[in-house]
Amino acid sequence: MASYPRNGARPRLKTDRGLQGRRPPVSDAPWWGLFAAGGTLAALTYPAMMLVEGVLGGVGVPTAGKNYRRMRNLTANPLVRLFLLANIALPLFQSVHRFRIMLFDLGIHEPKTPIAVAAYGTGILGTLAAAWALLRLPGSKR
Amino acid sequence: MSTDAGPIAGRGATTIEPARAPGRYPTYRPHHSWAWWQRNRNYQIYMLREVSAVFCAIWAFTQIVQLNRLNQGERQYQQFVRTQRNPGWVFFNLVGYGFLWLHAFTWWKLLGSLDIVKLGDRKVSGEKVTAGAFGVWGLFSAVVALVLLLGGRRR
């Protein structure tokens, strides 16, 4: 059994140190904010979109997303493009943040920084790709 | 750990050397089995909800691909539509719909327990917040479905 020297010194665990006057880490705060916004938007729109476009449209129901002309007409409106950008970007950030937390839940903590960079980098790249595609869209199809 | 203890601990005893330099502390990390979530039904539903993030990301990327095909012209777009009408994709979307429905259902159910809606000094009860959230979800879903089923047509 280990014995400690009587001078009171003992191994300090990382949890013992506390903040020691430093600011608490806030690096996760923006990602939690995007997670909240994205989760709300995904909960509002994604189930209906996936059911109508993904399932009903897939079995032959004539939905807007399965028709080139109708999609061009719908996406001609700049407000629709703005909505689509938010509807892609925010749920994407919700997904990558939740995926990162899921890795923690499964015991995968390391390597911390590469996991965070891969996750949030995917969100950022996806947002940029969506913005680029929406900016290049032509107008409506007559 | 050192076996050369020094005068205080006594001869032959094993001591732990006190840490002196900042940062070089042993870190205590409790060990949990990776399958802790199999313990009960609530944990299992929690993990299923976490898995819904994968389907959410895939649907977001599908939309990005769809917009890119729209940019490339009608022929490429029709090819995208043919791929989406593949039975494998339809089945995948059906499964994904189940997961996204779980995400939405648990999201709105959780809203009621967050204690966020206050009217002056009074607090709106959790049940009313949850009921309102489900109502808004139903309304949004109906609007989205109508736009996707009827939208984009020119008279």
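Above this note sits the structure.
Now for a quick tour of the structure. (Residues numbered from 1 in each chain as written. Chains lettered and ligands numbered in written order. Predicted model: local features only at pLDDT ≥ 70, side-chain atom pairs only at ≥ 80, totals over all residues. Heavy atoms only, no water.)

Here we take up the overall build of chain A. The helix and strand tally for chain A stands at four helices and zero strands. Ordered by position in the sequence, the α and β elements of chain A form the string α-α-α-α. When the 142 residues of chain A are sorted by exposure, 43% land in the buried category. (Helix = DSSP H or I, 4+ residues; strand = E, 2+ residues; numbered from the N terminus. Buried < 20%, exposed > 50% of the residue type's maximum accessible area, 1.4 Å probe, protein only.)

Mapped onto the secondary structure, I64 of chain B falls in helix α1 (residues 41–72). Not counting chain neighbours up to four residues away, the residues in contact with I64 of chain B comprise I88, G126, A129 and A130 of chain A. (Contact = heavy atoms within 4.5 Å.)

Note on aromatic pairs: each is described by the distance of the centres and the angle between the planes. All names here are of chain B. As enumerated under the stated definition, the model contains 15 aromatic pairs over all chains in all. With a centroid separation of 5.0 Å and an interplanar angle of 15 degrees, the aromatic rings of W101 and F105 are classed as stacked. With W101 and F105 both in helix α3 (residues 87–111) and four residues apart, the pair spans about one turn of that helix. For W101, a relative accessible area of 36% gives the class partly exposed. By relative accessible area, which is 29% here, F105 ends up partly exposed. With a centroid separation of 5.3 Å and an interplanar angle of 55 degrees, the aromatic rings of F105 and F134 are classed as tilted. Of the two residues, F105 sits in helix α3 while F134 sits in helix α4 (residues 126–150), which places them 29 residues apart along the sequence. Residue classification places F134 among the partly exposed positions, given a relative accessible area of 25%. Among the aromatic residues, ring-to-ring pairing joins F55, W89, F92 and F99 into one connected group. (Phe/Tyr/Trp six-rings, centres within 6.5 Å; stacked < 30°, edge-to-face > 60°.)

What follows is about helix α1 (residues 29–56) of chain A. Helix length check: α1 of chain A, at 28 residues, gives a terminal C-alpha distance of 38 Å against a target of 40 Å (1.5 Å per residue), a fit within 8%. Along α1 of chain A, the largest kink reaches about 40 degrees and is centred on T45 of chain A; proline P47 of chain A follows within four residues of it. (Expected span 1.5 Å × (residues − 1). Bend = angle between axes of the 7 residues up to and from the residue.)

What follows deals with the environment of M47 of chain B. For M47 of chain B, the position within the fold is in helix α1. As a C-alpha pair, M47 of chain B and W37 of chain B span 10 residues in sequence and 6.9 Å in three-dimensional space. If we ignore the near neighbours within four places in the chain, the residues touching M47 of chain B are M102, D105 and L106 of chain A together with W36 and W37 of chain B.

Inspection of the secondary structure assignment puts S52 of chain B in helix α1. Of the residues examined, S52 of chain B reaches a relative accessible area of 2% and is grouped as buried. Linking S52 of chain B and F99 of chain B, residues 47 residues apart in sequence, is a C-alpha distance of 5.0 Å. With residues up to four places along the chain from it excluded, the contact list for S52 of chain B reads R98 of chain A together with F99, L100 and H103 of chain B.

Shape descriptors only; they carry no functional weight alone.
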